[in-house]
Amino acid sequence: MTRPPTPAEPPHLESDLRTLCLPTLRQQWRRLTEEATRRHLPHAEYLAELVHLEVVHRREARIARRIQEARFPVLKTLDTFDFSGQPGVQKDEVLELARAEFLAQKRNVVLIGGVGTGKTHLSIAIGIACCQREKRVRFFTAADLANHLHEAKAAGRLTRKLEQLARFDLVVIDELGYVPFDATGAELLFNFIARVYERRSLVVTTNLPFARWSEVFRDPTAAAAVIDRVVHHATILKTEGESYRLRAAQQKARARRKEAPG
Ligand code: ADP
Ligand code: MG
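To keep things clear, this report deals only with the structure shown in the data block. Values in this document were obtained by computation on a predicted structure and should not be read as measured data.

Thresholds, definitions, all that
- Residues numbered from 1 in each chain as written.
- Chains lettered and ligands numbered in written order.
- Predicted model: local features only at pLDDT ≥ 70, side-chain atom pairs only at ≥ 80, totals over all residues.
- Heavy atoms only, no water.
- Buried < 20%, exposed > 50% of the residue type's maximum accessible area, 1.4 Å probe, protein only.
- Helix = DSSP H or I, 4+ residues; strand = E, 2+ residues; numbered from the N terminus.
- Pairing = 2+ DSSP bridges.
- Right-handed = clockwise from strand over helix to strand, strands pointing away.
- Near = heavy atom within 4 Å.
- Polar contact = N/O pair within 3.5 Å; in protein donor to acceptor, adjacent residues only side chain to side chain.
- Areas by Shrake-Rupley, 256 points an atom, 1.4 Å probe, with all protein chains shown as cover.
- 1 Å grid on protein atoms, 1.4 Å probe; cavity = no way out; pocket = protein on both sides within 12 Å on 5 of 7 lines; lining within 4 Å.
- Sits in = over half its atoms within 2 Å of the grid points.
- Axes fitted to C-alpha atoms, helices over the stretch in contact; angles between N-to-C directions.
- Parallel < 35°, antiparallel > 145°, perpendicular 65-115°, else oblique.
- Contact = heavy atoms within 4.5 Å.
- Nonpolar A, V, L, I, M, F, W, Y, C, P; charged D, E, K, R; others polar.
- Salt bridge = Lys/Arg side-chain N within 4 Å of Asp/Glu carboxyl O.
- Patch = residues over 30% accessible without salt bridge, like charges linked within 9 Å, V, L, I, M, F, W, Y side chains within 5 Å.
- Lys, Arg positive; Asp, Glu negative; His and termini not counted.
- Charge placed at Lys NZ, Arg CZ, Asp CG, Glu CD.
- Points joined across faces, edges and corners; volume = space filled by probe spheres on them.
- Phe/Tyr/Trp six-rings, centres within 6.5 Å; stacked < 30°, edge-to-face > 60°.
- Lys NZ or Arg CZ within 6 Å of the ring centre and 35° of its normal.

### Some thoughts on the pairing of strand β3 (residues 170–176)
For a regular strand, the rule is simple: side chains alternate between the two faces of the sheet.
Here is step 1: The buried count for β3 comes to six of seven residues, which makes it a mostly enclosed element.
Here is step 2: Where strand β2 (residues 137–141) lies against β3, five bridges are found, and the strand directions are parallel. Bridge pairing in β3 places Arg-138 opposite Val-171.
Here is step 3: As paired elements, β3 and strand β4 (residues 201–206) share five bridges and run parallel to each other. Paired with Val-172 across the two strands is Val-203, which belongs to β4.
Here is step 4: As a crossover connection, the stretch from β3 through helix α9 (residues 183–196) into β4 is right-handed.

Below, the structure is given as C-alpha cells:
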C-alpha cells in the first residue's frame, strides 16, 4: 500500500491556528489529516477528532497547572497507598473523597494519627484527586500557613491574603499540632478557619486528638471553636499503628532473616 502524500500546508492555517491559540491543532493537524485520508474518515468525524484533541490537551494542561499551583511537597497518589493495616481508613470512603464531591458540600476531612502513618500521603493524594477534577487546591503545613498569614498581616495585606486563599476550593493544612503557634499565629489561623467555615473545604492532618488542640491554639475556647467548625461537617479518618516505613523495614528484616541460612 502506498502512503498518502504528506498534506500540503494550506495558506494561513498555521498562522490562523496561532492567532486562535490552538497549539495542539497546530502540532497535530498534519498527522491527523494523513490519518483521516488513510482511514477515509468523513469530514465531520475528522473535524470532531481534531477539535477533541485540543479539548483533551487543554484539560490535561489545566490539571497540570492546578497540581503545580497546589504546591504539594511531593506527589503521592491513592494507588500507591496500602490500605491494609489501616482499619480506621476505609478505602471506599477515601475513594469517595477522591471524587471531590465533598468540596461542593463544603465538607472537611480530618486525618488523625501518629507519625509516619500516612496522613500527609493521604492528604496529598486527596488533593491531587481534586486537582484532577479541576478544583483549585493549596497545600500548606500549619506552620507555613501561620507564617504566610503573619507576613501578610505585617505588610497590611491580611484581608487580601484571606480573600486570595478563599478562592481555593480546598486548602490542606498539614501537621497541625507538630509546632505550637505563638499567640498571633493561633489567632490568625483561627480567623482563617472561621472565614472558610461552610464556604470552602479543608483537609487537616494532625497527630493530636481533639482533646489536645487547646495546646495548639493556646486557649481552650479558641480550640473548641476551631474543633466545632472543622469537625462539624467532616469525615474523620484515623491512621493507626506504627510508622509505615518502620513497618516496611521490619518486614524486610524479617524476610532477610528467613532467607539467611541456619
Ligand atoms: P505522616 O504524615 O502520617 O507522618 P506520611 O504520609 O509522611 O506519614 O508517611 C511516611 C512515609 O510512608 C511516606 O513516604 C508515605 O508515602 C509512606 N506511607 C505511609 N503510610 C503508607 C501506606 N499505608 N501505604 C503506602 N505508603 C505509606
Ligand atoms: Mg506528615
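### Focus on the site of ligand 1
Here is step 1: Close contacts around ligand 1 come from 14 residues, with Asp-82, Gly-116, Lys-119, Thr-120 and His-121 the closest.
Here is step 2: A distance of 3.1 Å is found between an oxygen atom of ligand 1 and a backbone nitrogen or oxygen belonging to Thr-117.
Here is step 3: At 2.8 Å from an oxygen atom of ligand 1 is found a side-chain nitrogen or oxygen belonging to Lys-119.
Here is step 4: In the complex, the protein chains occlude 87% of the 550 Å² of accessible area that ligand 1 would expose alone.
Here is step 5: Mapping ligand 1 onto the cavity grids shows that it belongs to the largest pocket.
Here is step 6: Secondary-structure elements contributing two or more residues to the shell around ligand 1 are α6 (119–132) and α12 (244–259).

### Quick notes on the packing of helix α7 (residues 142–154) against helix α8 (residues 158–165)
Here is step 1: Interaxial distance between α7 and α8 falls to 7 Å at its minimum, and their mutual angle equals 140 degrees. Comparing their axes, α8 and α7 come out oblique. Where α7 abuts α8, its residues Leu-145, His-148, Leu-149, Ala-152 and Lys-153 lie against Leu-158, Lys-161, Leu-162 and Leu-165.
Here is step 2: For the contact of α7 with α8, a count of residues per class yields six nonpolar, one polar and two charged.

### So, the sheet that holds strand β5 (residues 234–239)
Here is step 1: Spatially, the five strands line up as an open sheet ordered β2-β3-β4-β1-β5, and their pairing is parallel. The outermost strands of the open sheet, each flanked by one partner alone, are β2 and β5. Between one strand axis and the next, the sheet turns through 15 degrees on average, direction left out of account.
Here is step 2: Inspection of the sheet shows strand β1 (residues 108–113) paired to β5 by six bridges, in the parallel sense. When the bridges of β5 are listed, Asn-108 appears paired with Ala-234.
Here is step 3: Each of β1, β4 and β5 is contacted by helix α11 (residues 220–232), which is oriented at about 100 degrees to β5, the strand it contacts most.

### Focus on the pattern of salt bridges
Here is step 1: Within the structure shown, the criterion is met by 13 salt bridges.
Here is step 2: One salt bridge in this structure joins Arg-26 and Glu-14, with 3.9 Å as the shortest N-O distance. Placement of Arg-26 in helix α2 (residues 23–38) and of Glu-14 in helix α1 (residues 13–19) is noted, with a sequence separation of twelve residues between them.
Here is step 3: Note that Glu-35 and Arg-31 form a salt bridge whose closest N and O atoms lie 3.2 Å from each other. In this pair, Glu-35 and Arg-31 both sit in helix α2, four residues apart, roughly one turn of the helix.
Here is step 4: Each of Arg-31, Glu-35, Arg-39 and Glu-49 takes part in salt bridges that share partners, so that together they form one network.

### What about a positive patch on the surface?
Here is step 1: Together, Lys-252, Arg-254, Arg-256, Arg-257 and Lys-258 make up a region of like positive charge exposed at the surface.
Here is step 2: With respect to the helices, strands and loops of the structure, Lys-252 is situated in helix α12.
Here is step 3: Here Lys-252 falls in the exposed class, since its relative accessible area comes to 57%.

### So, empty space enclosed by the protein
Here is step 1: Considering all chains together, one arrives at one cavity of 30 Å³ or more under this definition.
Here is step 2: Its boundaries defined by the atoms lining it, the largest cavity holds a volume of some 30 Å³.
Here is step 3: Lining the largest cavity we find Ile-173, Leu-176, Leu-189, Ile-193, Val-204, Trp-213, Val-226 and Val-230.
Here is step 4: Elements with a minimum of two residues in the lining of the largest cavity: β3, α9 and α11.
Here is step 5: When its residues are assigned to classes, the lining of the largest cavity shows eight nonpolar, no polar and no charged.

### Some points on the packing of aromatic side chains
Here is step 1: Tallying each qualifying case throughout the model produces four aromatic pairs.
Here is step 2: Look at Phe-181 and Phe-217: their rings are 6.1 Å apart centre to centre, the planes differ by 50 degrees, and that puts the pair in the tilted class. Placement of the pair is Phe-181 in the loop between β3 and α9 and Phe-217 in helix α10 (residues 213–217), with a sequence separation of 36 residues.
Here is step 3: In this structure, Arg-136 packs its charged tip against the face of Phe-168, placed 4.8 Å from the ring centre.

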